[in-house]
Amino acid sequence: QVKLVESGGGLVQAGDSLRLSCAASGFTFTGYGMGWFRQCPGKEREFVAAITWDGGSTAYADSVKGRFTISRDNAKNTVYLQMNSLKPEDTAVYSCAATRVRVPVVRTTPAYIYWGQGTQVTVSS
């Protein structure tokens, strides 16, 4: 059974940092590129960051570039999202996802076939 389980969300103040984790199971982790997406109530899901199967290439949304870092540990079947200098507009439910496209990095939602339930990140001003 495929599972993606996010953790690490919470309530923080503007300028703080959080690290999200996504533990994967039920599929061959190294066979997949991984991504992080976020969604606010009433808005469409948006791309945040993505990483190739080996971590050799990454991509970021312009809104988070320079503040967020995606990484993965294939030995632990886990992908991370380090979020620094958080802003109130980063408030959303953050979900990780897996795509069969190993390279290059994938930004588009339809390419991702497995999704986690998400973790809430709330940034107060």
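Note that this is a predicted model, so its numbers are computed, not measured.

K.L.:
Go over the pattern of salt bridges, please, and point to the residues and values.
P.N.:
Applying the stated rule across the entire model yields 4 salt bridges. Its salt-bridge partner being R38, residue E46 comes within 2.5 Å of it at the nearest N-O pair. When the shortest N-O distance is used, the salt bridge between R67 and D90 registers 2.7 Å. One end of the pair, R67, is in the loop between β6 (58-60) and β7 (68-73); the other, D90, is in the loop between β8 (78-83) and β9 (92-99), with 23 residues separating them in the sequence. The class of R67 is buried, set by a relative accessible area of 11%. Through salt bridges that share partners, R38, E46, R67 and D90 make up one connected network.

K.L.:
Go over the sheet that holds β7, please, and point to the residues and values.
P.N.:
What the 4 strands build is an open sheet, ordered β1-β3-β8-β7; its pairing is antiparallel. Across the chains shown, the open sheet's two edge strands, defined by having one partner strand only, are β1 (3-7) and β7. Strand after strand, the sheet turns through a mean of 15 degrees between neighbouring axes, direction not considered. With 5 bridges connecting them, β1 and strand β3 (residues 18-25) associate as antiparallel partners.

K.L.:
Tell me about the state of the cysteines, and name the residues and values.
P.N.:
What is meant by a disulfide is a covalent connection between two cysteines, made through their sulfur atoms. Counted under the stated rule, the structure contains 1 disulfide. In this model C22 forms its disulfide with C96; the gap between the sulfur atoms is 1.9 Å. Every disulfide takes its handedness from the sign of the S-S torsion; for C22 and C96 that torsion is 50 degrees, giving right-handed. Here C22 is found in strand β3, whereas its partner C96 is found in strand β9, with 74 residues between them in sequence.

K.L.:
For the packing of aromatic side chains, give the residues involved together with the corresponding values.
P.N.:
According to the stated counting rule, one finds 8 aromatic pairs in the structure shown. A ring pair is formed by F37 and Y112, whose centres lie 5.0 Å apart and whose planes are at 75 degrees; its orientation type is edge-to-face. Pair noted here: F37 is in strand β4 (residues 33-39) and Y112 is in strand β10 (residues 112-115), with a separation of 75 residues, a long-range link. The exposure classification of F37 matches that of Y112, with both residues buried. The structure contains a cluster of three or more aromatic residues connected by ring pairs, namely F27, F29, Y32 and Y114. Here R45 stacks its cationic end above the ring of W115, 3.9 Å away from the centre of that ring. We note R102 situated over the ring of W53; from NZ or CZ to the ring centre the distance is 4.1 Å.

K.L.:
Could you give an account of unusual backbone geometry, with specific residues and numbers?
P.N.:
Residues V103 and P104 are joined by a peptide bond in cis, for which omega reads -5 degrees. Looking at the secondary structure, you find P104 in the loop between β9 and β10. Even without glycine at this site, N77 takes up a positive phi of about 50 degrees. Within the secondary structure, N77 is located in the loop between β7 and β8. Not every positive phi belongs to a glycine, and S85 is a case in point at roughly 50 degrees. You can see S85 is positioned in the loop between β8 and β9. By relative accessible area, S85 is classed as partly exposed at 40%.

Conventions used here
Residues numbered from 1 in each chain as written. Predicted model: local features only at pLDDT ≥ 70, side-chain atom pairs only at ≥ 80, totals over all residues. Heavy atoms only, no water. Salt bridge = Lys/Arg side-chain N within 4 Å of Asp/Glu carboxyl O. Helix = DSSP H or I, 4+ residues; strand = E, 2+ residues; numbered from the N terminus. Buried < 20%, exposed > 50% of the residue type's maximum accessible area, 1.4 Å probe, protein only. Pairing = 2+ DSSP bridges. Axes fitted to C-alpha atoms, helices over the stretch in contact; angles between N-to-C directions. Disulfide = S-S within 2.5 Å. Phe/Tyr/Trp six-rings, centres within 6.5 Å; stacked < 30°, edge-to-face > 60°. Lys NZ or Arg CZ within 6 Å of the ring centre and 35° of its normal.

Shape descriptors only; they carry no functional weight alone.
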